Amino acid sequence: MTILDVQDLKAYYSTLKGDVKAVDDVRLQMDRGEALGLVGESGCGKTTLALAIMRLLPWNGRIVEGKIRLDGVDIVELDENTFDKDYRWKRMSYIFQGAMNALNPVFKVGDQIAEAITIHEDVEKKEAIERARELFSLVGVDPDRVTSYPHELSGGMKQRAMIAMALACNPDFIIADEPTTALDVIVQAQTLQVINDLRNKFGLTMMLITHDLSVVAQTCTTCAIMYAGNIMEYSDIETIFKNPAHPYTKALTSAFPSIKEDRRELKSIAGVPPNLLNPPKGCRFHPRCPNRMDICTKEKPEYTELSENHLAACHLLTKEA
Ligand code: SF4
């Protein structure tokens, strides 16, 4: 059953030089309970897509057109009060990149979690603090640490506190934006395990944003490959790794080490992502694509359905090419 349905979404940033087309005609659907890895190089629009879904774009960002339906309700059309009261943090929540910057340094972490609860639910602060303690237990942090300030917690504990905060109002859809980037590999593995366990325990639907395919392989059931503001390929995890169809996905997976093929040469992707002030015409990957054809510079490829739940946008996959 579909929980999130993004249709033809455009989210742009206004700059003195013009609009940066960070998200352009994105279509994406997620089923309830799905764990989707949203993967791509830095600057490809992953975070912008997530912030657009949460309606948290910065002051110069805006949703230009498109629909974002959560359980059938187009949340783009909701007034800010309704969205803030009934959706943001309550139905859908966000684990921000870099817990150090996301937590307020001058308030105790428990108070910050309790505030999120009291704003959205009719409970007293005492009850909200008790919930914060339970949430700390759930994410594997000593409940007594709710009285700590952020600087008194380690990086891993802060990230777990962020996860606890995201769960504070029992959402059923969570976006985790690079939740382990700043952590060492051991703490990263522990944090991913916490996220996995909670997702299974509560049947959460999760969008995990990362540039690290190994994180997706460990944590997700499906994967969407994003490049220059477009979704290039979507499939289940196994297909993405074993049978990628899009040249960009193939390039990404070839740049990723395999523990089974210890002598495999890692290939970098030539060139750099395009400037989204003036993205390339046709397929946005064409300046870097080893399979580029004449049509690729002129026409944007449509999605081809390769099998159930496997879509890719590439002219190589269409009969006419
Ligand atoms: Fe390469 Fe053309 Fe396919 Fe784009 S549409 S990925 S340029 S072959």
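Residues numbered from 1 in each chain as written. Predicted model: local features only at pLDDT ≥ 70, side-chain atom pairs only at ≥ 80, totals over all residues. Heavy atoms only, no water.

**Some details on the pattern of salt bridges**
- Throughout the structure, instances matching the rule amount to 21 salt bridges.
- Between Asp8 and Arg27 there is a salt bridge, and its shortest N-O distance comes to 3.3 Å. Highlighted residues: Asp8 in strand 1 (residues 2-15) and Arg27 in strand 2 (residues 18-31), separated in sequence by 19 residues.
- Arg55 serves as the salt-bridge partner of Glu80, at 3.0 Å between the closest nitrogen and oxygen. Residue Glu80 is located in helix 2 (residues 80-86), and its partner Arg55 is located in the loop between helix 1 (46-53) and strand 4 (61-70); the two are separated by 25 residues in the primary sequence. (Salt bridge = Lys/Arg side-chain N within 4 Å of Asp/Glu carboxyl O. Helix = DSSP H or I, 4+ residues; strand = E, 2+ residues; numbered from the N terminus.)

**Looking at the pairing of strand 10 (residues 230-236)**
- With 6 of 7 residues buried, strand 10 is to be regarded as a mostly interior element.
- From the end of strand 9 (residues 222-227) to the start of strand 10, which pair antiparallel, there are 2 residues, and Ala228 there has a positive phi angle of about 50°.
- With 2 bridges joining them, strand 10 and strand 12 (residues 310-313) adopt antiparallel strand pairing. In the strand pairing of strand 12, Tyr234 is matched with Leu311. (Buried < 20%, exposed > 50% of the residue type's maximum accessible area, 1.4 Å probe, protein only. Pairing = 2+ DSSP bridges.)

**Some thoughts on the domain arrangement of the chain**
- Taken domain by domain, the chain consists of domain 1 (2-91 + 171-320) and domain 2 (100-170).
- In this assembly, 19 residues from domain 1 lie in contact with 12 residues from domain 2.
- Between domain 1 and domain 2, the buried area comes to about 1,300 Å², and carbon and sulfur atoms account for 72% of it.
- At the junction of domain 1 and domain 2, the tally comes to 0 salt bridges.
- Between domain 1 and domain 2 we count 3 residue pairs in polar contact (both at pLDDT 80 or more) in total.
- Those elements that provide at least two residues to the side of domain 1 that touches domain 2 are helix 2 and helix 7 (185-202).
- Ranked by the residues each element gives to the side of domain 1 that touches domain 2, the list is headed by helix 7, at 8 residues.
- Per-class residue counts for the side of domain 1 that touches domain 2 are 11 nonpolar, 2 polar and 6 charged. (Domains from an automatic or database assignment. Contact = heavy atoms within 4.5 Å. Buried area = accessible area lost by both parts, 1.4 Å probe. Polar contact = N/O pair within 3.5 Å; in protein donor to acceptor, adjacent residues only side chain to side chain. Nonpolar A, V, L, I, M, F, W, Y, C, P; charged D, E, K, R; others polar.)

**Quick notes on the side chain of Lys46**
- Looking at where Lys46 falls in the secondary structure, it is placed in helix 1.
- Despite its burial, Lys46 remains without a salt bridge, the nearest opposite charge being carried by Glu178 at 4.4 Å.
- Separated by 3.3 Å, the side chain of Lys46 and the backbone oxygen of Glu41 make a polar contact.
- Apart from the residues within four sequence positions on either side, Lys46 is in contact with Leu38, Val39, Gly40, Glu41, Glu178, Ile209, Thr210 and Met226. (Lys, Arg positive; Asp, Glu negative; His and termini not counted.)

**So, the site of the ligand**
- Neighbouring the ligand are His246, Pro247, Cys283, Phe285, His286, Cys289, Asn291, Cys296, Pro301, Cys314, His315 and Leu316.
- Here the residues of the shell around the ligand are counted per class, giving 8 nonpolar, 4 polar and no charged. (Near = heavy atom within 4 Å.)

**Describing unusual backbone geometry**
- Phi at Trp89 takes a positive value of approximately 75°, unusual for a residue other than glycine.
- As for its position among the elements, Trp89 is in the loop between helix 2 and strand 6 (92-95).
- Given the relative accessible area of 24%, Trp89 is considered partly exposed.
- The phi dihedral of Asn170 falls on the positive side, at around 55°, and the residue is not glycine.

**Remarks on the nonpolar core**
- Grouped together as the largest cluster of nonpolar side chains are 53 residues, with contacts concentrated most on Ile113, Phe136, Ile163 and Phe285.
- The element that contributes the greatest number of residues to this core is helix 6 (residues 155-166), accounting for 5 residues.
- Residue contributions to this core reach at least three from each of two domains, namely domain 1 (2-91 + 171-320) and domain 2 (100-170).
- Look past the residues within four positions of Ile113 in its chain and what remains in contact with it is Ala132, Leu135, Phe136, Ala161, Ala164, Met165 and Ala168.
- By size, the runner-up hydrophobic cluster in this structure holds 36 residues, among which are Ile3, Leu9, Cys44 and Phe83. (Core = buried A, V, L, I, M, F, W, Y, C linked by side-chain atoms within 4.5 Å.)

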